[in-house]
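Single-letter residue listing:
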Amino acid sequence: MSTSSEAMAQLKEFRRSIDNFDAALIHILAERFRVTKAVGALKASADLPPSDPNREAEQVARLRDLAKSADLDPDFAEKFLEFVIREVIQHHKQAASK
């Protein structure tokens, strides 16, 4: 059985890993949004709609499958993607209104 100090050391290591994952997620999201902002600018210049429901449905299905294969709750993955998509659509609407 672990002592309290061993448990605290392990907890600190787990938290360091979590912090690294969080940093990686933020950087990945920033890169994703840089690309989707470029997509929004392209859509605006080509007079295309800010959202693409067919593409969004394909992405949801694809990410649900990825989540299942990664042993992640597909419902959580879908909610996360829907949150990201809503933000992207807002960016695209802003680009279209400029």
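Note that the coordinates shown come from a computational prediction; the quantities given were computed from them, not determined experimentally.

What counts as what
- Residues numbered from 1 in each chain as written.
- Predicted model: local features only at pLDDT ≥ 70, side-chain atom pairs only at ≥ 80, totals over all residues.
- Heavy atoms only, no water.
- Helix = DSSP H or I, 4+ residues; strand = E, 2+ residues; numbered from the N terminus.
- Rg over C-alpha atoms; globule rule 2.2 N^0.38 Å.
- Buried < 20%, exposed > 50% of the residue type's maximum accessible area, 1.4 Å probe, protein only.
- Contact = heavy atoms within 4.5 Å.
- Phe/Tyr/Trp six-rings, centres within 6.5 Å; stacked < 30°, edge-to-face > 60°.
- Expected span 1.5 Å × (residues − 1).
- Patch = residues over 30% accessible without salt bridge, like charges linked within 9 Å, V, L, I, M, F, W, Y side chains within 5 Å.
- Areas by Shrake-Rupley, 256 points an atom, 1.4 Å probe, with all protein chains shown as cover.
- Salt bridge = Lys/Arg side-chain N within 4 Å of Asp/Glu carboxyl O.

Trainee: Just give me the short version of the overall build of the protein, but keep the residues and values in it.
Mentor: When you go through the protein residue by residue, the secondary structure sums to 3 helices and 0 strands. Start at the N end of the protein and walk to the C end: the helices and strands fall as α-α-α. Radius of gyration (C-alpha) of the protein: 19 Å, far over the 13 Å computed for a compact globule of 98 residues. In the protein, which comprises 98 residues, the proportion classed as buried is 16%. Considering only contacts within the protein whose residues lie at least 6 apart along the sequence, 61% involve residues at least 24 apart.

Trainee: Can you explain the packing of aromatic side chains? Please cite residues and give values.
Mentor: On inspection of all chains with the given rule, the structure shows 1 aromatic pair. Taking the centre distance of 6.5 Å and the plane angle of 25 degrees together, the rings of F76 and F80 count as stacked. Remark: F80 and F76 occur in helix α3 (residues 74-96); sequence separation between them is 4 residues, near one turn of the helix. What makes F76 partly exposed here is its relative accessible area of 47%.

Trainee: Mind laying out helix α1 (residues 4-45), listing which residues take part and the relevant values?
Mentor: Look at α1: 61 Å from first C-alpha to last across 42 residues, which is about the 62 Å you get at 1.5 Å a residue. The secondary structure elements touched by the buried residues of α1 are α3. Looking one or two residues beyond α1, the residue adopting positive phi is D47, at roughly 55 degrees.

Trainee: Account for the side chain of T36, naming residues and giving values.
Mentor: Within the fold, T36 resides in helix α1. Leaving out residues up to four positions away in the same chain, T36 has contacts with V88 and H92.

Trainee: Can you lay out the environment of K79 for me, pointing to particular residues and giving the numbers?
Mentor: As for its placement among the helices and strands, K79 is situated in helix α3. Judged by its relative accessible area of 58%, K79 is exposed.

Trainee: So what's going on with a nonpolar patch on the surface? Residues and values would help.
Mentor: Together, L72, F76 and F80 make up a nonpolar patch on the protein surface, roughly 290 Å² of accessible area in all. Note that L72 resides in the loop between α2 (53-69) and α3.

Trainee: Explain the pattern of salt bridges to me, using residue names and the numbers behind them.
Mentor: Inspection of the entire model under this criterion finds 4 salt bridges. For the salt bridge of E31 with R34, the shortest nitrogen-to-oxygen distance reads 2.5 Å. Of this pair, E31 and R34 both sit in helix α1, separated by 3 residues, roughly a single helical turn. A salt bridge links D75 to R64, with the shortest nitrogen-to-oxygen separation between them at 3.0 Å. Of this pair, D75 sits in helix α3 while R64 sits in helix α2, and the two are 11 residues apart along the sequence. A relative accessible area of 41% means that D75 is categorised as partly exposed.

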